[in-house]
Amino acid sequence: MIQLIKYEWKKAFLKKTIVILMVIFIIIDLIKIVDIYHKKSYLISAGTVWREAYWDMYKDYNGNITDDKIQSLDDMYQKLGEEVIEMTASREMDLEKYMTGTVYSDYNFLDRYYITPFRYFALYQNRAGEICQRAADAASNAKNTGNMEEYRRNARIYHIFKDRKIKDFSYLENIELFLDFSFSDILVLLLVLYGLLAVYGSERDGNMESLLLTNKRGGKSVQVAKVAGAGLFSIMVSTIFSMVDYLGFAFVAGSFEGLKMPVYAIAFLGRSPLGINIFQYCLLDMAVRAFGFLIIGIVMLNISYIFKNVLASFFVGSVFCVCISIIYENCCHMPFLWLKILNPFSLVDNIHIFENTEFVSICGYPFPGWQIAIVIGGIYLVLLIGLALVVSKNNEYCR
């Protein structure tokens, strides 16, 4: 069986066209990463002076957030602000007087890369405390009125946000761009489509399907191997591109900083139910994404088996992927949590199931939406694997 699985995996993953396509797609992905970083990072688009100024200051402000650091930044920022308000400062470049050349550039630089993140980090504990207080009040009121479901939900929120604080300052721009980057999802989908939708069609064209059924190991055993091979193929392609994405942004930014910071240090994950650090979150993101592509890969395998014609398989598979992605993009920001977590694409573009603390109530008990999305994905996977095995033919020609 292991040899069969290895054979089916090699047949899907090591085809010359797949390898060539993967290399091309990785190059395209890296070009897109460089383009995104140049467009969204002022450390690049504003010229080398911003980059040099940032890392020069970083030596002094990286690490533990102290009152002295906050006061030093505020004094510097206020002084620049006064010059900007007076509108008397020269716009000519003066790198001896200003870090980035002009007072206006210094003011914008400090605001974007030091003042705004420092304020967010320093004030996060207060904001988390406010959420805890509101949750505690709501839980108390719910308990008094006998609404135990609402009580449990607010009690969970209280325990999630209790004692949250951000003690350190670190560079996080590359990680923010990585976690918000979804371009590679398209490339992985295309590879999964191309690699798996023709699995059965090519065998039918060569009359291999009937030939396999004359062998003792040519029925269910081959089908199990195909499912396992397709799953490994989907997981490996997803993992490779996740690593390319992370390393691409890290190398373009020239930094691997911030991995030990809590995940809620990233502003758009400030209300996340997760209390892990960024390194652990990146691993979770990659694992959940691979799980989502595993489900889609098995769907493609079933489509390849059901539809006799390769072109029909590609058409149906493409329509399926386009539909689930468009539906998800349209409903991921809506308050209807079930619409989001029932869609398997929520596991692929999973930032939307992790960014807010949302609960699904089951029998009066609240469960985090991201956990239910994974459970639903597991149910889909079991059903799809069951379907693949049920519809496969037995060794009816072998006696």
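Relevant structure appears above.
Keep in mind the model is a prediction, meaning the values are calculated, not measured. (Residues numbered from 1 in each chain as written. Predicted model: local features only at pLDDT ≥ 70, side-chain atom pairs only at ≥ 80, totals over all residues. Heavy atoms only, no water.)

(A) Expanded view of the side chain of Arg164. Among the structural elements, Arg164 can be located in the loop between helix H7 (148-161) and strand E2 (168-169). The buried charged residue Arg164 lacks any salt bridge partner; its closest oppositely charged side chain belongs to Asp163, at an N-O distance of 10.0 Å. Within the structure, Arg164 has its side chain in polar contact with the side chain of Tyr124 (distance 3.0 Å). Arg164 has contacts with Tyr124, Gln125, Ala128, Tyr264, Gly270, Ser272, Pro273, Leu274 and Gly275, leaving out every residue within four places of it along the chain. (Helix = DSSP H or I, 4+ residues; strand = E, 2+ residues; numbered from the N terminus. Buried < 20%, exposed > 50% of the residue type's maximum accessible area, 1.4 Å probe, protein only. Lys, Arg positive; Asp, Glu negative; His and termini not counted. Salt bridge = Lys/Arg side-chain N within 4 Å of Asp/Glu carboxyl O. Polar contact = N/O pair within 3.5 Å; in protein donor to acceptor, adjacent residues only side chain to side chain. Contact = heavy atoms within 4.5 Å.)

(B) Quick peek at the packing of aromatic side chains. Enumeration over the complete set of coordinates arrives at 30 aromatic pairs. Consider the rings of Trp55 and Tyr58, whose centres lie 4.9 Å apart with planes at 70°: the pair is edge-to-face. Here Trp55 pairs with Tyr58, and both are found in helix H4 (residues 48-61), just three residues apart, close to one helical turn. On the basis of relative accessible area, Tyr58 is assigned to the buried category, the value being 6%. The ring of Tyr365 has Arg152 sitting right over it, with the charged end atom 4.1 Å from the ring centre. (Phe/Tyr/Trp six-rings, centres within 6.5 Å; stacked < 30°, edge-to-face > 60°. Lys NZ or Arg CZ within 6 Å of the ring centre and 35° of its normal.)

(C) Just the nonpolar core, in detail. Of all hydrophobic cores here, the largest spans 110 residues; its most connected members are Tyr114 and Met300. Among the elements that make up this core, the one with the highest residue count is helix H13 (residues 278-306) (16 residues). Beyond its immediate stretch of four places on either side in the chain, Tyr114 contacts Tyr54, Met57, Tyr58, Tyr61, Leu73, Phe109 and Phe169. (Core = buried A, V, L, I, M, F, W, Y, C linked by side-chain atoms within 4.5 Å.)

(D) Layout of helix H5 (residues 67-86). Look at H5: 28 Å from first C-alpha to last across 20 residues, which is about the 28 Å you get at 1.5 Å a residue. Those residues of H5 that fall on the buried side of the exposure criterion are Lys69, Leu73, Tyr77, Leu80, Gly81, Glu83 and Val84. On an axial view of H5, the arc spanned by its buried residues comes to 160°, and they lie on one face. Along H5, exposed side chains directed more than 90 degrees from the buried face belong to Asp67, Asp68, Lys79, Glu82, Ile85 and Glu86. Considering only its buried residues, H5 is in contact with H4, strand E1 (63-64) and helix H6 (103-145). (Expected span 1.5 Å × (residues − 1). Arc of directions from axis to C-beta.)

(E) Expanded view of the environment of Trp370. Turning to its location among the elements, Trp370 is positioned in helix H18 (residues 369-391). Residue Trp370 is classed as buried on the basis of its relative accessible area of 14%. Put simply, Trp370 and Thr357 are 13 residues apart on the chain and 9.1 Å apart in space, counted from C-alpha to C-alpha. Setting aside its immediate chain neighbours within four residues, Trp370 contacts Pro273, Leu274, Ile353 and Phe354.

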